[in-house]
Amino acid sequence: MRLLVTGGAGYIGSVVASVLIEAGHEVTILDDLSTGHADAIPRRATMVRGNLRDDAARVLAGGTDAVLHFAAKSLVGESVAKPGLYWSHNLGGSLALLEAMRAAGVGRIVFSSTAATYGEPERTPIEETDPTRPTSPYGASKLAVDTALTEYARMFGLGAVSLRYFNVAGAHADAAGQWYGERHSPETHLIPNVLKNALPSASTAGAGGAAVKIFGTDYPTPDGTCVRDYIHVADLAGAHVLALAATEPGQHRIYNLGNGTGFSVRQVVDVCREVTGTDIPAEVGPRRDGDPAVLVASSARIQADLGWRATRDLTTMVTDAWTFAQQRAAAGAR
Ligand code: UFG
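Residues numbered from 1 in each chain as written. Predicted model: local features only at pLDDT ≥ 70, side-chain atom pairs only at ≥ 80, totals over all residues. Heavy atoms only, no water.

### Topic: the overall build of the protein
Next up, step 1: From N to C terminus, the protein includes 10 helices and 16 strands.
Next up, step 2: Against the 2.2 N^0.38 benchmark of 20 Å for 334 residues, the protein shows a C-alpha radius of gyration of 19 Å, consistent with a compact globule.
Next up, step 3: Out of the 334 residues in the protein, the part that is buried amounts to 53%.
Next up, step 4: Excluding contacts between residues fewer than 6 apart, the proportion of contacts in the protein whose partners are at least 24 apart in sequence is 78%. (Helix = DSSP H or I, 4+ residues; strand = E, 2+ residues; numbered from the N terminus. Rg over C-alpha atoms; globule rule 2.2 N^0.38 Å. Buried < 20%, exposed > 50% of the residue type's maximum accessible area, 1.4 Å probe, protein only. Contact = heavy atoms within 4.5 Å.)

Below is the structure:
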């Protein structure tokens, strides 16, 4: 198929684009490179630098069978500080994309949604039928796109699948040995932040520069730190391939993507220590605003409907993320 991948220069978009190319699809990437990286784009993809509002119609007019939509602002904290930016990019950009798809007669989309649409859960594991009460403009703007997709399916016969990611981790190497991984700036996510402290350069970072901060140890969890459901980015990519095949005109399906199992922050730090063979120091800090104590997905729906299940464990995620981090450090990347 001829596929448009928006945000294909970002972490998840680049991994999915590479997996789609290996599955035999023709991939065009639309990315403004505001947070993505030009060198993360798979070599066999066609890259268009631009944004959804100004450039989606032009790109789609070239002939596209389906869209995988990742382009978005995705930092919870930043969204609280700059809500307008999030509504404009995430909802405004997505609506522009949907209108461009309608004009070009493109009827299939897989959307990168998030666990943040649920907010503070009433129970775990979270099911797709549970209440959606986002606690940040980020989650609210993604939920608004999910709502728009339901409407476009009903009104215009769009075939849509939203995948609600929990905590995505790990890295992926394609058949040619090119690695795709997580490299946000600033990096706020737990695993890359912990691994950063195991790199040889961390030991020269100076006082306090080489310790992980654990945000809160007084949560109502077994060891007092937050529990999250980590999923390998390659498992996530596999779900996109299945979701694409499952899009049906007039239907909007929503699926959670997780492992169904939670790990605490302390457990993740311990796995990072084992994988790197480094006694990464950790300091306890205050809670980070807006962190729910436990976020664990039920992925029973996507298992039942599409036969998807996560196959890679936390050690594999950390091992792959560590390979990626070391490779980037060796290449002199910041
Ligand atoms: N954490 C630390 N120290 C760090 C970084 C994170 O202790 O240096 C903790 C956090 O407080 C949290 C856990 O590690 O308890 C995981 O934090 P991440 O930032 O890695 O991930 P989040 O659970 O906050 O965010 C993820 C996705 C978001 C999504 C959110 C849904 O990355 O995109 O889940 O709630 F919105």
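### Focus on the state of the cysteines
Next up, step 1: Evaluated as defined, the whole model comprises 0 disulfides.
Next up, step 2: No disulfide involves Cys226; its sulfur sits 16 Å from that of Cys272, the nearest cysteine. (Disulfide = S-S within 2.5 Å.)

### Concerning the sheet that holds strand S5 (residues 108-114)
Paired through backbone hydrogen bonds, the strands of a sheet run either parallel or antiparallel to each other.
Next up, step 1: A sheet is described by the order of its strands in space; here 7 strands give the open sequence S3-S2-S1-S4-S5-S6-S13, paired in parallel fashion. If you trace the sheet from one side to the other, it starts and ends with strand S3 (46-49) and strand S13 (252-257), each paired once. Neighbour to neighbour, the strand axes of the sheet diverge by 20° on average, direction disregarded.
Next up, step 2: Pairing geometry for S5 and strand S6 (residues 159-165), over 7 bridges, is parallel. Note that in S6 the partner of Arg108 across the bridge is Gly159. (Pairing = 2+ DSSP bridges. Axes fitted to C-alpha atoms, helices over the stretch in contact; angles between N-to-C directions.)

### Thoughts on the domain arrangement of the protein
Next up, step 1: By the assigned domains, the protein splits into domain 1 (2-169 + 230-256) and domain 2 (179-228 + 261-295 + 307-330).
Next up, step 2: In this structure, domain 1 and domain 2 have C-alpha centres spaced 25 Å apart.
Next up, step 3: Taken together, the contact pairs 27 residues of domain 1 with 25 residues of domain 2.
Next up, step 4: The contact between domain 1 and domain 2 buries some 2300 Å² in all, and 63% of this surface belongs to carbon and sulfur atoms.
Next up, step 5: A per-residue breakdown of the area domain 1 buries against domain 2 is headed by Tyr230, His232 and Asp235, which together make up 32% of the total.
Next up, step 6: Linking domain 1 with domain 2 are 2 salt bridges, by the criterion used here. (Domains from an automatic or database assignment. Buried area = accessible area lost by both parts, 1.4 Å probe. Salt bridge = Lys/Arg side-chain N within 4 Å of Asp/Glu carboxyl O.)

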